[in-house]
Amino acid sequence: MKTAFLLLCFLLVIQPAVSQVKSPEPFGPLPTQKQVDWHEMEFYAFVHFSLNTFTNKEWGYGDESPQLFNPTKLDVRQWARIVKQAGMKGIILVAKHHDGFCLWPSAYTERSVKNSPWENGKGDLVKELAAACKEYDLKLGLYLSPWDRNHAQYGKPEYVTYFRNQLKELLTNYGDVFEMWFDGANGGDGYYGGANETRKINSLEYYNWDETYKLIYETAPKTLVWGVGPSEARWIGNEEGRAGKTNWSLLRQKDELAGKVNYTEFVSGHEDGEKWVPGEADVSIRPGWFYHAVEDDKVRPLDEMVDIYYESIGRNANLLLNLPVDRRGLVNENDEARLKELVATIKSDFKTELLAKSKTSTDNVRGNSAEFAANNVTDGNKNTYWATDDKVKTASVEFNFDKPTFINRVLLQEYIKLGQRVKAFSVEAKVDGQWKTVSSETTIGYKRILRFDRVLASALKINITDSKASIVISNIAAYNAPTFVKAPNIQRDKNGTVTIKAEDDAIIYYTIDGKIPTIKSTLYKGAFKYNKAVKIKAVAINKEEKISSAISTAQYGISKEKWKVLSASSGDMNTINRIIDGNPNTDWGFGNDSNKLPQEITIDMGAVLKIKGFTYFPQQVGNNLNLISHYEFYTSTDNIKWTKQSEGEFSNIKNNPIEQVKMFGETKARYLRFVALSSVTKAQTVSIAEINVIE
């Protein structure tokens, strides 16, 4: 009885001491619960599918007929199934792009699916997708372009009313919308009800974003808003799907809304930002955002897709991956196949977690309380965390293995409900009894994933070397991902010489008949010549582990060895052959203040060919790419009589400076004339990396 009494007294004495260990105070800007939920989505799909799909454009001008929209096998359940199987958490649909065509029967315009042949004008694609998302347990997001190149009142107050009315339709008729996406492209030339003119607006002021956002939050409080205005998530500053190695979820949004922040700062955010505005990395699975048949063999290589995953989700950003639905109304087979390869690779990389069974220790625990112990980082509970005392901003946590363990991936997560704190950290592995630094980085945020060369370690140590406040880490994990063999790079120069390169001296096998290469195919021993039209496929195989890469494909027409540049209206004629040398990494410029745009070049292909399009490859290297925005393209068989085959704009080239493809009806030609009408920046100098034709 006496023993029980003493034990009770002891417990009463120590109880207040335990309760005195307070949780860390929040530090700096904090995410809302809506933003925390958004972070946890991590990976979701973008779908671009509209009139542009049927006109083969990236940006419609606004004068295209709704009658062109007529998918033959539209199946939004196929989209949802593919997205779900890929482990994505939602779909953001481009409900209206810059050309003003609406994928729902809007009551405020005739420019919608109700005036298309699809479903005899009775269809509602947004409604169908909302139902498919519900069926597959996916969240629905919507993109509504603020810019409308069709609307006669664009640039006037009446259009803002129209824009908000459409917002109300989308936010009230289709259930919950997890994200509303506002593109930053605003104002420029367009149809505008037949005016066919250029209209400039101040995108920060014209839409009165404060009132527009107020409308959104009153109508749909669960909706997170991305993009222009006082948004809750930001563009990552490029269309390559890559966040910066340093990536803060904070932004000086007041400065941004005052026009004092350059978009290039979005890639890393602001350490001193006053608002939580995390980054979203958007990228398309193929070069364009809308479907183009000519890109069917240009789906991004697997190794590039894997890099994108690690440099977006692995760098504290969400990944928004575009799947450009084709003219049938389906996710293309090539895109689906690449997505499956990506998912299989990522699942394999993170198949087995290695720290859960290790012995954990640290040099500081907040109040020496088990509530904040280091083993919280391996318990699989997102709501527990290791925390240090208030004044402790540098600390280490160590994981000891029962036996040496191979490691080449480390994943870390801060408990972001209390703010983003870590400014610098390193990872050490104990190899043969000695600590070896395998990685030194800066920010962590919601999630950071590190890749490094495989090490055989008896222990692993995470050192937080700089933090804004006390350390709060919710998760640390380690993995041994399988060796990844990058696909070989195939190049052919203007003379038809083919070179194929692979990393780490891998063995290369290739075919020139379009068949899938295997170890029974031709062994690559060095450069070879092939002047004819050809589709080359190649695979690299790691010699030691016998692991194969994904397959690379390159398709070429007849080689350019007979091509000559006959004339140019300006520029250095001694280096002009760079535009036909078969190397997109070399470039040539023309035009200046003395020789103002338009400027033109004339090329002799050396023989009459049947062609059905051309491509302009813009400059790829440098801060100022001198991009061409508008062009004309002519052909001739005799260099006397010329026919204009194509004219227009290279849409979205500023944000996505990829090879620009323009198709036209098949024609015979020997001579080409390319005219640069204007530049993206309105400067008088433009550049060309490569001009090609499509046979």
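Everything quoted here is computed from the prediction, not taken from an experiment.

Rules behind the numbers
Once a new chain begins, its residue numbering starts again from 1 and follows that chain's sequence as written. For this predicted model, a pLDDT threshold of at least 70 governs which residues receive local features, and a threshold of 80 or more governs which side-chain atom pairs are given and counted, while totals over whole chains, interfaces and linings are taken from all residues. Side-chain metrics in this entry use all non-hydrogen atoms of the structure; hydrogen atoms and water are not considered. Each helix is a run of H or I in the DSSP string that is no shorter than four residues. Each strand is a run of E no shorter than two, and both are numbered from the N terminus. The globule rule used here is 2.2 Å times the number of residues to the 0.38 power, and the radius of gyration it is set against is calculated over C-alpha atoms. Exposed residues in this analysis have more than 50% of their type's maximum accessible area, buried residues have under 20%, and partly exposed residues fall in between, with area computed by a 1.4 Å probe over protein chains only. Whether two residues are in contact is decided by their heavy atoms: any pair within 4.5 Å suffices. The accessible surface values rely on the Shrake-Rupley method and a 1.4 Å probe; as for residues, cover is taken only from the protein chains in view. Asp and Glu count as negative and Lys and Arg as positive, but His and the ends of the chain are not part of the count. Positions of charges follow a simple convention, taking NZ of Lys, CZ of Arg, CG of Asp or CD of Glu. Multiplying 1.5 Å by the helix residue count minus one yields the expected span of that helix. Any pair of nitrogen or oxygen atoms within 3.5 Å is treated as a polar contact; in protein, a donor-acceptor pairing is required on top of that, and neighbouring residues in sequence qualify only through side-chain atoms on both sides. Salt bridge criterion: a side-chain nitrogen from Lys or Arg within 4 Å of a carboxyl oxygen from Asp or Glu. Any residue with an atom within 4 Å of a point lines the site, the site being either a cavity, points on a 1 Å grid over the protein atoms alone where a 1.4 Å probe fits but cannot get out, or a pocket, an open set with protein on both sides within 12 Å along at least 5 of 7 lines. Grid points are joined across faces, edges and corners, and a volume is the space filled by probe spheres set on the points. For this classification, the nonpolar set comprises Ala, Val, Leu, Ile, Met, Phe, Trp, Tyr, Cys and Pro, the charged set comprises Asp, Glu, Lys and Arg, and every other residue, Gly included, is treated as polar. For every element, the axis is a line fit to its C-alpha atoms; helices are fit only across the contacting stretch, and the angle between N-to-C directions ranges from 0 to 180 degrees. The scheme is simple: roughly parallel for angles under 35 degrees, roughly antiparallel for over 145, roughly perpendicular for 65 to 115, oblique for anything else. Two helices that cross are described as forming a left-handed crossing if the nearer one is turned anticlockwise from the farther one by less than a right angle, and a right-handed crossing if clockwise. Two rings belonging to Phe, Tyr or Trp (six-membered ring only in the last case) form a pair when the distance between their centres is within 6.5 Å. Interplanar angles under 30 degrees mark stacking, angles over 60 mark edge-to-face geometry, and anything in between is tilted. We call a charge positioned over a ring when the NZ of a Lys or the CZ of an Arg lies within 6 Å of the ring centre and within 35 degrees of the ring normal. Directions from the helix axis toward the C-beta atoms define the arc. Any two strands with at least two DSSP-identified bridges between them are counted as paired. Confidence of the prediction at every residue is given by pLDDT, a number between 0 and 100. To qualify as a nonpolar core, a set must consist of buried Ala, Val, Leu, Ile, Met, Phe, Trp, Tyr and Cys residues joined through side-chain atoms within 4.5 Å.

### Some details on the overall build of the chain
Right, on to step 1. Within the chain one finds 10 helices and 34 strands.
Right, on to step 2. Scaling as 2.2 N^0.38, a compact globule of 695 residues should have a C-alpha radius of gyration of about 26 Å, and the chain matches this with 28 Å.
Right, on to step 3. The principal-axis extents of the C-alpha atoms in the chain amount to approximately 115 × 65 × 50 Å.
Right, on to step 4. For the chain, buried positions account for 56% of its 695 residues.
Right, on to step 5. Residue pairs at least 24 apart in sequence account for 74% of intrachain contacts in the chain once pairs closer than 6 positions are excluded.
Right, on to step 6. Looking at the chain as shown, the accessible area adds up to about 30100 Å², and 48% of this sits on carbon and sulfur atoms.
Right, on to step 7. Charge-centre separation for the chain: the mean point of 88 positive side chains lies 3 Å from the mean point of 87 negative side chains.

### Notes on helix α10 (residues 333-349)
Right, on to step 1. Helix length check: α10, at 17 residues, gives a terminal C-alpha distance of 24 Å against a target of 24 Å (1.5 Å per residue), a fit within 8%.
Right, on to step 2. Those residues of α10 that fall on the buried side of the exposure criterion are Asp335, Glu336, Arg338, Leu339, Leu342, Val343, Thr345, Ile346 and Asp349.
Right, on to step 3. Buried positions along α10 lie against β1 (43-47), α4 (76-85), α9 (302-310), β12 (317-322), β15 (395-414) and β19 (472-479).
Right, on to step 4. Its side-chain oxygen at 3.0 Å from the backbone nitrogen of asparagine 334, asparagine 332 defines the N-terminal cap of α10.

### Section: the pattern of salt bridges
Right, on to step 1. Under the definition given, this model contains 40 salt bridges.
Right, on to step 2. With a closest N to O distance of 3.9 Å, lysine 529 and glutamate 561 form a salt bridge. One end of the pair, lysine 529, is in strand β24 (residues 528-529); the other, glutamate 561, is in the loop between β26 (552-556) and β27 (564-568), and 32 residues separate them in sequence.
Right, on to step 3. The structure contains a network of salt bridges with shared partners spanning Lys57, Glu64, Asp99 and Arg111.

### Remarks on empty space enclosed by the protein
Right, on to step 1. The full count for this structure, using the stated rule, is one cavity of 30 Å³ or more.
Right, on to step 2. One number sums up the size of the largest cavity: a volume of about 210 Å³.
Right, on to step 3. Looking at the largest cavity, it is lined by 18 residues, and the ones nearest its centre are Glu58, His292, Glu295, Gln660 and Val661.
Right, on to step 4. If you tally residues by element for the lining of the largest cavity, the top one is strand β32 (residues 660-679), at three residues.
Right, on to step 5. Considered class by class, the residues forming the lining of the largest cavity number five nonpolar, seven polar and six charged.

### A closer look at the packing of α9 against α10
Right, on to step 1. Relative to each other, α9 and α10 sit at 55 degrees, their axes nearing to 10 Å. Relative to α10, α9 is oriented oblique. Handedness of the α9/α10 crossing: right-handed. Here Leu302, Met305, Val306, Tyr309 and Tyr310 of α9 come into contact with α10, specifically with Arg338, Glu341, Leu342, Thr345, Ile346 and Asp349.
Right, on to step 2. Counted by class, the contact of α9 with α10 contains seven nonpolar, one polar and three charged residues.

### Things to note about the packing of α4 against helix α5 (residues 125-135)
Right, on to step 1. Here α4 crosses α5 at 40 degrees, and the two axes come no closer than 9 Å. Considering their axes alone, α4 and α5 lie oblique with respect to each other. Two packed elements cross with a definite hand, and for α4 against α5 that hand is right-handed. Of the residues in α5, those in contact with Val76, Arg77, Trp79 and Ala80 of α4 are Leu125, Glu128, Leu129, Ala132 and Glu135.
Right, on to step 2. Looking at the contact of α4 with α5, its residues break down into six nonpolar, no polar and three charged.

### Some thoughts on the packing of aromatic side chains
Right, on to step 1. Taken as a whole and judged by the stated rule, the model has 44 aromatic pairs.
Right, on to step 2. For the ring pair phenylalanine 49 and phenylalanine 54, a centre distance of 6.0 Å and an interplane angle of 55 degrees mean the geometry is tilted. Summarising the burial analysis for this pair, phenylalanine 49 and phenylalanine 54 share the class buried.
Right, on to step 3. By the ring-pair criterion, three or more aromatic residues cluster together here, those being Tyr154, Tyr159, Tyr162, Phe163, Phe182, Tyr192, Tyr206, Tyr207, Trp209, Tyr213 and Tyr217.
Right, on to step 4. A cation over an aromatic ring shows up here: lysine 468 above the ring of tryptophan 248, its NZ or CZ 4.4 Å from the ring centre.

### A look at helix α7 (residues 209-219)
Note: α-helices contain 3.6 residues per turn, so residues at a spacing of three or four share the same orientation.
Right, on to step 1. Within α7 the residues assigned to the buried category are Trp209, Thr212, Tyr213, Leu215 and Ile216. Buried residues of α7, viewed axially, fall in a sector of 155 degrees; they line one side. Across α7 from its buried face, at more than 90 degrees, point the exposed residues Asp210 and Glu218.
Right, on to step 2. On its buried side, α7 packs onto α6 (157-172), β4 (179-182) and β7 (224-227).

### Points about the sheet that holds strand β21 (residues 497-501)
Right, on to step 1. In spatial order, the strands read β20-β21-β24; together these three strands make up an open sheet with antiparallel pairing. A strand with exactly one partner marks an edge of an open sheet, and here the two such strands are β20 (489-492) and β24.
Right, on to step 2. Across four bridges, the pairing between β20 and β21 is antiparallel. Following the sheet pairing, isoleucine 490 is matched in β21 by isoleucine 500.

### Section: the sheet that holds strand β22 (residues 507-511)
Where strands meet in a sheet, backbone hydrogen bonds hold them as pairs that are either parallel or antiparallel.
Right, on to step 1. An order of β23-β22-β25-β26 is seen for the four strands of this open sheet, with the pairing classed as antiparallel. Each having just a single partner strand, β23 (522-523) and β26 make up the two edges of the open sheet.
Right, on to step 2. Sheet topology places strand β25 (residues 534-541) next to β26; five bridges connect them, and they run antiparallel. Each bridged residue has a counterpart across the sheet, and for lysine 535 the counterpart in β26 is glutamine 555.

### Let's talk about the confidence of the model for the chain
Right, on to step 1. Predicted confidence across the chain gives a mean pLDDT of 95, with 97% of residues reaching 70 or more.
Right, on to step 2. Confidence drops under a pLDDT of 50 for residues 1-19, and excluding neighbours within four residues, the segment shows zero contacts in the predicted structure.

### With respect to the side chain of arginine 149
Right, on to step 1. Structurally, arginine 149 is set in the loop between β3 (139-144) and α6.
Right, on to step 2. Within polar-contact distance, the side chain of arginine 149 engages the side chain of glutamate 649 at 2.8 Å.
Right, on to step 3. Those residues within four positions of arginine 149 in sequence are excluded, and the remaining contacts are Trp59, Gly60, Tyr61, Gly62, His98, Asp189, Gly190, Tyr191, Tyr192 and Glu649.

### Regarding the pairing of β19
Regular strands show a simple pattern: their side chains alternate between the two faces of the sheet.
Right, on to step 1. Counting buried positions over the eight residues of β19 gives eight, a clear majority of the element.
Right, on to step 2. Here six bridges tie β15 to β19, and the two strands are oriented antiparallel to one another. Bridge assignment links glutamine 413 to a residue of β19, and that residue is asparagine 475.

### Re the nonpolar core
Right, on to step 1. Residues Phe69, Trp79 and Leu125 are the most contacted members of the largest nonpolar core, which totals 85 residues.
Right, on to step 2. Per-element accounting of this core gives the leading share, seven residues, to α6.
Right, on to step 3. What leucine 125 contacts, discounting residues up to four positions off in sequence, is Phe49, Phe69, Leu74, Val76, Trp79, Leu93, Leu103 and Trp118.
Right, on to step 4. Counting 36 residues, the second-largest nonpolar core is a separate cluster that includes Phe372, Ala395, Phe401 and Ile473.

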